[in-house]
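Read off the chains here:
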Amino acid sequence: MSRMGYDGIVVCVPVTVPYSRYSLRSAHWFCGRALADLIAGAGVAKADVDGFCISSFTLAPDSAVGLTQHLGVSPRWLDHIPMGGASGAVALRRAARAVQCGDADIVACIAGDTNHVDSFRNTIASFSQFANDAVYPYGSGGPNASFAFLTDHYMREFGAAREDFGKLCVAQRDNALSTPHAMMKRPLSLDDYLNARPIADPLRLFDCVMPCAGAEAFLVMSDDRAKSLGLPHATILSTIERHNAYPEDPIQIRAGWAMDVDGFYDHAGVGPQDIDFVQAYDDYPVICFMQIEDLGFCPKGEAASFVREHDLTTAGDFPFNTSGGQLSVGQAGAAGGSLGLVESIRQLTDQCLGKAVDGAHVGLASCFGMINYDRGLCTSAAILGRSTR
Amino acid sequence: MAEGGLLSLLMGGITGGGIRVVDLTMTLQPDVPTIVMPPEFGQSWPFRMEEISKYDHRGPFCYWNNLSCGEHTGTHFDAPIHWVSGKDLPENATDTIPVEKFLAHACVIDCSAQAEADADFLLTQDMIEAWEAEHGQILARSWLLMRTDWSLKRDGVAYMNMDQEGAHTPGPHEDLIPWLIEERDVIGFGCEAVGTDAGQAGHFNVPYPCHYHMHGNNRFGLPALTNLDALPPQGAVLITPPLKIRQGSGSPARVLALVEGEAED
Amino acid sequence: MTTPLPPPRKKDPVARTRAPTQPPGNRSREAQGLTAIAAVGRFALQCCADCGQVQYPPRQICGQCLGDDLPWRDMDPSGTLLAETKLHHANDLFFRDRVPWRLGVVGMDAGPSVVAHLAEDCRQGDRVNLSLNLDRSGHAVMNARPETPGPDQEDDMQLRELSMDPKGRRVLIVNGKTALGLALARSFKAAGAREIFVGQAEPWKAAPAFEAIKSLDGVTTFPLDVTDTDSVGELASVLSGKVEILVNNSYHLRPGGAVDRMDMNVSREEMDIHYFGLLRLAGTFGAAMRGRGADGAHGACAWVNVLSAYAQVNNPAFGTYSASQAAARSLAQCLRAEMAPGGIRVVNAYVGPLDDEWHQMVPPPKLGPDTVAARVIRALQQGHEDLAIGAVAEEIAERLAENPKEIEREIKL
């Protein structure tokens, strides 16, 4: 049975609740402000939004359920996606199917998190059973330690150098300088990157995202509805998701996208060469390299030479994380997984906050998350297109 | 008390001078050594104190202790029922001994020089007779107390003085005790070492003859005394009641001596 | 190459003593299966009884065939180091106090990939051996060491957090009057203890073992009678801030049970020496030791109780003795929980019949004191917490695990 397409379903109203390093506000506040900006941006009433897809690490003890009563909404379709950084594209594909079959008309996909001084530590101190049992007792380094392993292994296995990762980080910082709400405001040189404070060898300070508070959100509706509301919108060409891919790999060198990449492009009717920009999930540079490989831009292990040969800035020949990515904008918890999608919508509807990719027609947003034990289990991705109607 | 009567004279002497009260008792504390039995036999408990409270959360108003020890701990009274030879005698336990027997005259013989020279020194009849030539005959119903200055040995190892043959502490010769009973009618034998018998008395022909004969003749023992050097050879009156324990074989006692006259230096 | 341990230094009286902290101790129920395995020095993982898949991290359903019969099996600990890192920043106080901290990912020959603490002399690509050890939270952690150990490996600071190595530490042996006390003193000396304190009760009763102890180098003797609260308190007031390993080898064995030898005196002595003695030691030495659990590289680390294997199942031939040992064992478990926040581990060594005069009527096999002492040292060096020393004790442990009713019926002497 072949998969249905997404004809007639669109994404619109890209919303970012500005980031702050720490906030006394709750995740409910960030999600609520995102909803307020969504309905204001769409020109609809709160009650017109009849579906919600929520992702958050700090909403606990509430889930999406508690949020309905807190925000005073009565949706007929509700989902809570616990997939961390992979939640964005997963929320998109859930919401698209709900609208497509008529279970909801307008779905708000909201990812938001607060950041108190102990939020990050509390989140990683009890992240998953396997992490509690077999990772956190080892140094309590959090994701930094887990990705240090992956980076260390990747570098030795494929010969990547810190300079290669550095080039990517420097390019993203360049892209971030025009993003108003980016947490990192200063230019980054390769020297800065190479000589920064060590965090967990081989990772140094600029390999790591800054956890912060904020929210990213968008709406999913029919293209008829978007037009009747006069909303600029982007089309959905293809989506994928995959969990716990390649469990037989002793250590992670690839993730779920590689299992479904062929069908991903077939379904969209485009190839990697047609992609005008890539918003990849960038909690650490090594995962960006894996996405470049697993999403078909180069063979496995060759992302380092790919990066050396391309210009990843917004004006370059391989625009990559055009708002600066999490590495420069910040990681607002689960919102990090929607940052790329929201930036993709902006680029494809000419609503950029910063620099625009010249002639962007087709964009790819890729999501990743949930180091349950020793590897990121959840992957998802979406190819979006500029609407021609 | 009747004015000018015996008791009023006694109290007058005690409070006003003329009668000294001498304490012949060692302080009861955990490091008081206990008599050692062969390990396969029952052992006598050492003296132990556990605080109940000391003006604290366990009891803000008071200080007090719980105690435990064997009947024969520290300065103590041996009753006839303590030994097999006295087990069937009448009025032989601490609760049945007639209480007037707890006040008695004491004769003190100084063997300190001999004990210093020989830890196994044994007091003999000859020595007693020589002492009597100087100080007068032992009165009937007196304690015979053997001063050795052994109580000055504060260190438990020196006080017990044990080696692979047992303890080496001074005491009465096995032939002395029957003579003291038959010829002098003593009420009991007292000394400074941990027991009334010499340390090596287990190896004598009649093992532990002081216990055997004294208790077998319904008389008493008073070991682990102190301050015998403060007593005159004759004339002191000892007050030695044990605790009134049901069928008690003995108990720690507060042994006091009443001595007429001023202290000698 | 392991950096050699710097020698212990005198305590700086003006510097604050580092307070003990513990690594994260949150574990699922199935992960605590590893804790039991590490406590006795085994290396075992769950192995699906249906399909043979080795499982890690521990779980309740086989990750291959969904079977739910996952017994723990002893396993080949070898693997290859796939990745390594040195952590410079940690979120938890224990590790914050100890960064940089080395970690690795080991691809086991048996299948799973394991995140492990990494010994100093391991490099990515090396062949390594894993071991399961109890960390300061009392839970099992994986550790990777090179296949061929380098010199001074026991000096590795991370490994020292997992062990209770006597090297450079000061030890108190409570009972110096037995052959075991002498064997322990000699063994601790040979294991590199920097000072050995030995107690003796009832000094007027000579013991040949104690005479031999007095003549050993680096040994200081003290009066110590565990039946005397004052005696224990006095020694603690002098030594409790200096004892890094306390060995409670109190021992008072007499034959007899309840019905045919009802002897309150003997039973009281057994309880006073085994149970109340431990209570007195715990109440006077415990707090100071616990406060020094993180005091530098040679801080307080262990409390050893030498207990009878009959603490676990009563031997009626030594019935009241067994009961007093059972009381001591329960209190030792209490002590274990109370000392844990300081990172001090309570090691309970269960011995079968010793080869001494009180076991004259017991047929062999009987334990020599050197065997017991050597096993205690090894447990301290390798971080074991529950020991069965000798064939009899091992058999008792096995039979208890298999069928406690069987051994209750059959035990006799």
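What counts and what doesn't
Position labels on residues start from 1 in each chain and follow its written sequence. Here the convention is simple: chains get letters from A, ligands get numbers from 1, in the order in which they are written. Per-residue local features are limited, in this predicted model, to residues with pLDDT of at least 70; the limit for side-chain atom pairs, both in listing and counting, is 80 or more; totals at the level of whole chains, interfaces and linings are taken over all residues. Only runs of H or I of at least four residues qualify as helices and only runs of E of at least two qualify as strands under DSSP, and these elements are numbered from the N terminus. The exposure label follows from counting other C-beta atoms within 10 Å of a residue's C-beta, where the C-beta atoms are placed from the backbone and the thresholds are 20 or more for buried and 12 or fewer for exposed, leaving partly exposed in between. Angles here are taken between N-to-C directions and fall from 0 to 180 degrees, while the axes themselves are lines fitted to C-alpha atoms, restricted in helices to the stretch in contact. Should an angle lie under 35 degrees it is considered roughly parallel, over 145 roughly antiparallel, and from 65 to 115 roughly perpendicular; all remaining angles are considered oblique. Left-handed is the label given to a crossing in which the near helix is rotated counterclockwise from the far helix by less than a right angle, and right-handed is the label when the rotation is clockwise. We call two residues in contact if the C-beta atoms placed from their backbones are at most 7 Å apart. The nonpolar class holds Ala, Val, Leu, Ile, Met, Phe, Trp, Tyr, Cys and Pro. Asp, Glu, Lys and Arg form the charged class, and all remaining residues, Gly among them, are polar. One requirement defines pairing of two strands: DSSP has to find at least two bridges between them. Source of the domain bounds: an automatic or database domain assignment. Joining buried Ala, Val, Leu, Ile, Met, Phe, Trp, Tyr and Cys residues through C-beta atoms within 7 Å gives a set, and that set is a nonpolar core.

Asks: Sorry, what's going on with the environment of Pro90 of chain B here?
Replies: All names here are of chain B. Relative to the elements of secondary structure, Pro90 occurs in the loop between strand E4 (76-78) and strand E5 (103-110). Overall, the presence of 8 C-beta atoms within 10 Å leaves Pro90 in the exposed class. Pro90 sits 46 residues away from Ser44 along the chain, and the two C-alpha atoms are 25 Å apart.

Asks: Mind showing me how you'd approach the packing of helix H4 (residues 179-190) of chain C against helix H9 (residues 369-382) of chain C here?
Replies: The description of two helices packed together rests on the angle between their axes and the distance between the axes. Residue and element names in this part refer to chain C. Running from amino to carboxyl end, H4 crosses H9 at an angle of 45°, the nearest separation of the two axes being 8 Å. Classified by the interaxial angle, the pair formed by H4 and H9 is oblique. Judged by the twist between their axes, the crossing of H4 over H9 is right-handed. Across from Ala179, Leu180, Leu182, Ala183, Leu184, Ser187 and Phe188 in H4, the residues of H9 making contact are Pro369, Asp370, Val372, Ala373, Ala374, Val376 and Ile377. Considering only residue class, the contact of H4 with H9 consists of 12 nonpolar, 1 polar and 1 charged.

Asks: I would appreciate a short explanation of the interface of chain A and chain C in the present structure.
Replies: By a frequent convention, interface size equals the accessible area lost on bringing the separate parts together. On the chain C side, the residues contacting the 32 residues of chain A number 31 residues. For the side of chain A that touches chain C, the secondary structure elements donating two or more residues are helix H4 (119-125), helix H5 (129-134), helix H6 (143-158) and strand E5 (198-200) of chain A. The leading source of residues in the side of chain A that touches chain C is H6 of chain A, at 7 residues.

Asks: What's the story with the pairing of strand E15 (residues 256-260) of chain B in this structure? I'm lost.
Replies: Working note: regular strand, side chains alternate between the two faces of the sheet. Residues and elements named next belong to chain B. Bridging between strand E1 (residues 19-23) and E15 involves 5 bridges; their strand directions are antiparallel. Bridge pairing in E15 links Arg20 to Val259. Two strands pair when backbone bridges link them, and strand E13 (residues 236-239) and E15 are joined in this way by 3 bridges, in the antiparallel orientation. Residue pairing for E15: Ile239 is matched across the bridge by Leu256.

Asks: Any chance you could explain the sheet that holds strand E9 (residues 277-279) of chain A here in plain terms?
Replies: Strand pairing in a sheet relies on backbone hydrogen bonds. The paired strands run either parallel or antiparallel. Residues and elements named next belong to chain A. If you trace the 9 strands from one edge of the open sheet to the other, you get E3-E2-E4-E7-E1-E8-E11-E10-E9, paired in mixed fashion. A single partner strand is all that each edge strand has here, and the edge strands are strand E3 (77-80) and E9. Shown here is a sheet whose adjacent strand axes are inclined to one another by a mean of 20°, direction ignored. Sheet contacts for helix H2 (residues 64-71): strand E2 (51-55) and E3; angle to E3, the most-contacted strand, approximately 125°. Helix H14 (residues 336-348) rests against strand E1 (9-20), E2, strand E4 (107-113), strand E7 (213-222), strand E8 (233-243), E9, strand E10 (362-371) and strand E11 (376-386) of the sheet, and its axis sits at about 170° to E10.

Asks: Help me out: how do you make sense of the sheet that holds strand E10 (residues 195-200) of chain C in this one?
Replies: All names here are of chain C. Here 7 strands make up an open sheet; going across it, the order is E11-E10-E9-E12-E13-E14-E15 and the pairing parallel. Single-partner strands in this sheet number two, and they are strand E11 (219-223) and strand E15 (386-389). Strand after strand, the sheet turns through a mean of 20° between neighbouring axes, direction not considered. Across 5 bridges, E10 lies against E11 in parallel orientation. The residue bridging Gly199 from the neighbouring strand is Phe222, located in E11.

Asks: Got a minute to help me understand the domain arrangement of chain A in this structure?
Replies: Residues and elements named next belong to chain A. If you check the domain split of chain A, you get domain 1 (9-118 + 212-228) and domain 2 (142-209 + 233-386). Each of domain 1 and domain 2 has a C-alpha centre, and the two are 23 Å apart. Every contact between the two is made by 35 residues of domain 1 and, on the other side, 38 residues of domain 2. Put simply, the parts of the chain that give the side of domain 1 that touches domain 2 at least two residues each are E1, helix H3 (87-100), E4, E7 and helix H9 (223-228). Looking at which element gives the most residues to the side of domain 1 that touches domain 2, the answer is E1, with 8 residues. Grouping the amino acids of the side of domain 1 that touches domain 2 by side-chain chemistry returns 20 nonpolar, 10 polar and 5 charged.

Asks: I keep staring at the domain arrangement of chain C and nothing clicks. Help me out?
Replies: Residue and element names in this part refer to chain C. When cut into domains, chain C gives domain 1 (32-160) and domain 2 (170-410). Listed by partner, the interface residues are 10 residues for domain 1 and 10 residues for domain 2. At the level of secondary structure, the elements contributing two or more residues to the side of domain 1 that touches domain 2 comprise strand E7 (127-134) and helix H3 (157-160). Each residue belonging to the side of domain 1 that touches domain 2 can be placed in one class, and the counts come to 4 nonpolar, 3 polar and 3 charged.

Asks: Can you help me understand the nonpolar core in this one?
Replies: The nonpolar side chains of soluble globular proteins are, as a tendency, buried together. If you look at the biggest cluster of nonpolar residues, it comprises 178 residues, and the most contacted ones within it are Val107, Cys109, Ile110, Phe218, Leu219 and Val220 of chain A. The contact partners of Cys109 of chain A, leaving out residues within four places of it in the chain, are Cys53, Ala91, Leu92, Ala95, Ala217, Phe218 and Val220 of chain A. Judged by nonpolar contacts, the second largest core, of 76 residues, contains Ala191, Ala300, Met339 and Ala349 of chain C.

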